[in-house]
Amino acid sequence: MSKLSILAEFWDFIKVRKKWWLAPIIIFLILLSLLIVLTEGSALAPFIYTLF
């Protein structure tokens, strides 16, 4: 299963079930996970960890 099909399925779920409140939560979680993954080995890591 590709990542694009998962996103398409999620988009269809939101449209059909009218669960628009889920979109900002999922977007925030994706952005937060990208921030953690991309700064894992960098000099910014100590500053990111102080947020939590």
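About the thresholds
Sequence positions are assigned chain by chain, starting from 1 and proceeding in written order. pLDDT decides what is reported in this predicted model: residues at 70 or higher carry local features, side-chain atom pairs at 80 or more are listed and counted, and totals for whole chains, interfaces and linings draw on all residues regardless. Only hydrogens and water are set aside; all other atoms, that is, all heavy atoms of the structure, feed into the side-chain values. Runs of E in the DSSP output that reach at least two residues are strands. Runs of H or I that reach at least four are helices, and both are numbered from the N terminus. Think of it in three bands: with a 1.4 Å probe and only protein chains considered, a residue is buried below 20% of the maximum accessible area for its type, exposed above 50%, and partly exposed in between. Each accessible area is a Shrake-Rupley result for a 1.4 Å probe, and residues are judged covered by the shown protein chains and nothing else. Patches here: salt-bridge-free residues with over 30% relative accessible area, like charges joined within 9 Å, nonpolar side chains (Val, Leu, Ile, Met, Phe, Trp, Tyr) joined within 5 Å. For this document, the term salt bridge refers to a Lys or Arg side-chain nitrogen within 4 Å of an Asp or Glu carboxyl oxygen. Each polar contact in these results corresponds to two N or O atoms within 3.5 Å; when the atoms are within protein, one needs to be able to donate a hydrogen and the other to accept it, and residues that are neighboring in sequence are counted only if both atoms are side-chain atoms. Each residue gets a pLDDT score, which is the predictor's confidence in that residue and runs from 0 to 100.

A. Region of the structure containing the overall build of the protein chain. Across its full length, the protein chain carries three helices and zero strands. Going from N to C terminus, the protein chain has its helices and strands arranged as α-α-α. Looking at the protein chain as a whole, 12% of its 52 residues qualify as buried. Summing over all exposed atoms, the protein chain offers an accessible surface of approximately 4,700 Å²; the carbon and sulfur share of this is 76%.

B. Representation of a nonpolar patch on the surface within the structure. On the surface, a cluster of nonpolar side chains totalling about 600 Å² of accessible area is made up of Ile 27, Ile 30, Leu 31, Leu 34, Val 37 and Leu 38. Of note, Ile 27 is situated in helix α2 (residues 22-38).

C. Layout of unusual backbone geometry. A positive phi angle, near 60°, is found at Lys 18, a position not held by glycine. With a relative accessible area of 58%, Lys 18 lands in the exposed category.

D. Geometry of the environment of Lys 18. Position of Lys 18 among the secondary structure elements: in the loop between α1 (3-17) and α2. Looking at Lys 18, its side chain comes within polar contact range of the main-chain oxygen of Lys 15, at 3.2 Å.

E. Main features of the confidence of the model for the protein chain. Mean pLDDT over the protein chain stands at 80; residues scoring 70 or higher make up 81%. Of all the helices and strands in the protein chain, helix α3 (residues 45-49) carries the lowest mean pLDDT, 70, while α2 carries the highest, 86.

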